[in-house]
Amino acid sequence: MSNHTKEIAQFVEKIASKNPHETEFLQAVEEVAETIIPFIADKPKYKDSNLLETMCEPERVFMFRVPWLNDKGEVQVNRGYRIQMNSAIGPYKGGLRFHPSVNLSILKFLAFEQTFKNSLTTLPMGGGKGGSDFNPKGKSDNEVMKFCQSFMTELSKYIGQFTDVPAGDIGVGGREIGYMFGQYKRVQGEFTGVLTGKGLQYGGSLIRPEATGYGCVYFSKEVLNHINDGLDGKSAIVSGSGNVAQFTVEKLIQNGAKVLSMSDSGGTVYDKDGITQEKLEFIKELKNVKRGRIKEYADKYKAEFHEGKTPWDIKCDIAYPCATQNELQVEDAKTLQKNGCIGVFEGANMPCTADAIEVFKEHKMMFTPGKASNAGGVATSGLEMSQNSLRLSWTRDEVDERLQGIMKEIHRNCVQHGKVTKDYVDYVKGANIAGFVKVADAMLAQGCV
Ligand code: NAP
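Residues numbered from 1 in each chain as written. Predicted model: local features only at pLDDT ≥ 70, side-chain atom pairs only at ≥ 80, totals over all residues. Heavy atoms only, no water.

Caption draft 1: Just the overall build of the protein, in detail. Secondary structure summary: the protein contains 17 helices and 12 strands in total. What you see for the protein is a C-alpha radius of gyration of 21 Å, in line with the 22 Å of a compact globule of 449 residues. Looking at the protein as a whole, 58% of its 449 residues are labelled buried. A fraction of 71% describes how many contacts in the protein between residues 6 or more apart in sequence connect residues 24 or more apart. For the protein, the exposed area adds up to about 18,400 Å²; of that, 50% sits on carbon and sulfur atoms. Of the side-chain charges in the protein, 55 are positive and 56 negative, and the distance between the mean point of each set is 2 Å. (Helix = DSSP H or I, 4+ residues; strand = E, 2+ residues; numbered from the N terminus. Rg over C-alpha atoms; globule rule 2.2 N^0.38 Å. Buried < 20%, exposed > 50% of the residue type's maximum accessible area, 1.4 Å probe, protein only. Contact = heavy atoms within 4.5 Å. Areas by Shrake-Rupley, 256 points an atom, 1.4 Å probe, with all protein chains shown as cover. Lys, Arg positive; Asp, Glu negative; His and termini not counted. Charge placed at Lys NZ, Arg CZ, Asp CG, Glu CD.)

Caption draft 2: Expanded view of the site of the ligand. Within the structure, the ligand sits among 26 residues, and K137, D169, T212, S265 and R293 are positioned closest to it. One of the backbone N or O atoms of G171 is found 3.0 Å from an oxygen atom in the ligand. With respect to the ligand, the side chain of S265 contributes an N or O atom lying 2.4 Å from an oxygen atom. When the ligand sits alone it has 890 Å² of accessible area, and the protein chains cover 82% of it. Elements supplying a minimum of two residues to the shell around the ligand: α8 (208-226), α9 (243-254) and β7 (258-264). (Near = heavy atom within 4 Å. Polar contact = N/O pair within 3.5 Å; in protein donor to acceptor, adjacent residues only side chain to side chain.)

Caption draft 3: Spatial organisation of the nonpolar core. In this structure, F219, V238, L252, M262, Y320 and I410 are the most contacted members of the largest nonpolar core, which totals 55 residues. Residue contributions to this core peak at 8 residues, all from α8. Counting residues domain by domain, this core receives three or more from each of domain 2 (60-190) and domain 3 (211-373). Residues in contact with Y320, not counting those within four places in the same chain, are C216, V217, S220, L231, A236, I237, V238, S239, T248, L252, W312 and F345. Core analysis: the next-biggest nonpolar cluster, separate from the first, contains 40 residues, I8, V102, F109 and A111 among them. (Core = buried A, V, L, I, M, F, W, Y, C linked by side-chain atoms within 4.5 Å. Domains from an automatic or database assignment.)

Caption draft 4: Layout of the state of the cysteines. Following the criterion strictly, the structure yields 0 disulfides and no others. The thiol of C322 is not disulfide-bonded; the next cysteine sulfur, from C216, is found 5.3 Å away. With a relative accessible area of 7%, C322 lands in the buried category. The thiol of C352 is unpaired, and the distance to the nearest cysteine sulfur, on C341, comes to 10.0 Å. What makes C352 buried here is its relative accessible area of 1%. (Disulfide = S-S within 2.5 Å.)

Caption draft 5: Examining the packing of aromatic side chains more closely. A complete count under the given rule lists 25 aromatic pairs for this structure. Taking the centre distance of 5.5 Å and the plane angle of 75° together, the rings of Y46 and F436 count as edge-to-face. Placement of the pair is Y46 in helix α3 (residues 44-47) and F436 in helix α17 (residues 427-446), with a sequence separation of 390 residues. The pair Y46 / F436 is uniform in exposure class, with both members buried. Arranged with centres 6.3 Å apart and planes meeting at 85°, the rings of W68 and F147 form a pair that is edge-to-face. A residue pair is termed long-range when its members are at least 10 positions apart, and W68 in strand β1 (residues 60-69) and F147 in helix α6 (residues 141-155) qualify at 79 residues. There is no split in this pair, since W68 and F147 are both buried. By the ring-pair criterion, three or more aromatic residues cluster together here, those being F62, F64, W68, F98, F134, F147, F151 and Y158. One cation-aromatic arrangement involves K300 over Y301; the distance from NZ or CZ to the ring centre is 5.5 Å. (Phe/Tyr/Trp six-rings, centres within 6.5 Å; stacked < 30°, edge-to-face > 60°. Lys NZ or Arg CZ within 6 Å of the ring centre and 35° of its normal.)

Caption draft 6: Structural view of helix α16 (residues 396-418). Taking 1.5 Å per residue as the helical rise, α16 with its 23 residues ought to reach 33 Å, and the 32 Å between its terminal C-alpha atoms agrees with that figure. Within the sequence span of α16, burial applies to V399, D400, L403, I406, M407, I410, H411, N413, C414, V415 and G418. The inward-facing, buried residues of α16 abut α5 (104-120), α8, α14 (370-373), α15 (376-390) and α17. (Expected span 1.5 Å × (residues − 1).)

Spelled out as structure tokens, the structure:
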């Protein structure tokens, strides 16, 4: 790696000069460059075509005004985005995020990661991402609907079942997808699979809501199996309490792990007795229906509540960051390692900072990047697209089986490209290279476009 340090630095500097202030995007680019630049060094077909730089430039970016009326009749204005990053292997595919922190840098990092992730799924999907700085928290259903309708009125000009198929992400769940689907159908006058994560009554797929969390646990199972270990009896900590966290916890419980924590932006609950399926049902109701705060769990079940804190100082065997980017930093990584944690599996996108990942590597801990371990969500979105095209619905077991098969295949590809020793796999390297090769070959075949 050290032979290429200068080349990597020059590359990142060039991208930084074109995209100043886009810290999250540059963080994601650097992480990929660190493994791809050494990989292509002796492969002129990739190196001489300047593919990596081309991949860092979105094919297109839309940025638009989203005006809407709140319940008091006042005009509110948000900013909407769609990044169409790379369509070499299929239509753009990637979620929409509604969160006040949303900006161009965050969406570009997500779209960039998505391109590699979608390639890893083995399905024909390009990379995209979008969203808005709209904050659904504290808004009435009516206000969320008004916003979604205004957002989709503009977005509908740029998406379609064969061009760009968005899904959910932070702040965008079944309710928001429903409102946006309704508006797309209304303005375009067609009923097509233009969004995934739809309700079951109108083209959604069984297992899609569960898929990211379930897939993450399936992936971690593969990682542990690879070293003849398993989930049964392991103590686990999970951050977040949204879609990904809920179904990560559910699958962990089903596999005999003891889950000690969940969190939200207000703090962390630490339940020494473990979160059971019954307690998880309370969280699902609290978060998905009542839209309350995780602290209410601590009050109800007499668990500890660590206000304003993340869960990383809780002693555990394995950890699943499932909330947001850069939520697990270098000091947290050191604490996890000191406390005996053996594996960190990203459910969220880029939740671990680069220096935190260095700590995991240094101590040969198992670490899997989100583009591999959380790819089950978009993979099942791909399966939803297939079902929409076929105009039929597969059973829960059929979809779950395919999801498990895909996670196994992603793991196999990561091992192929990232194996360091018999017992140690560099999953960051494996995922980046496996994701890169398919997109790069497709780009080469299609010429300079
Ligand atoms: P979600 O349902 O909206 O839940 C997000 C969770 O993270 C909530 O508990 C939220 O707490 C917490 N959170 C968000 N921003 C935070 C911040 N700045 N600080 C602390 N906590 C924060 O979203 P999700 O779909 O589970 O997505 C979670 C992560 O997984 C994201 O990185 C997303 O990109 C990634 N991901 C999602 C999917 C998918 O299918 N949904 C697929 C692949 C990857 P509050 O409620 O307090 O905000």
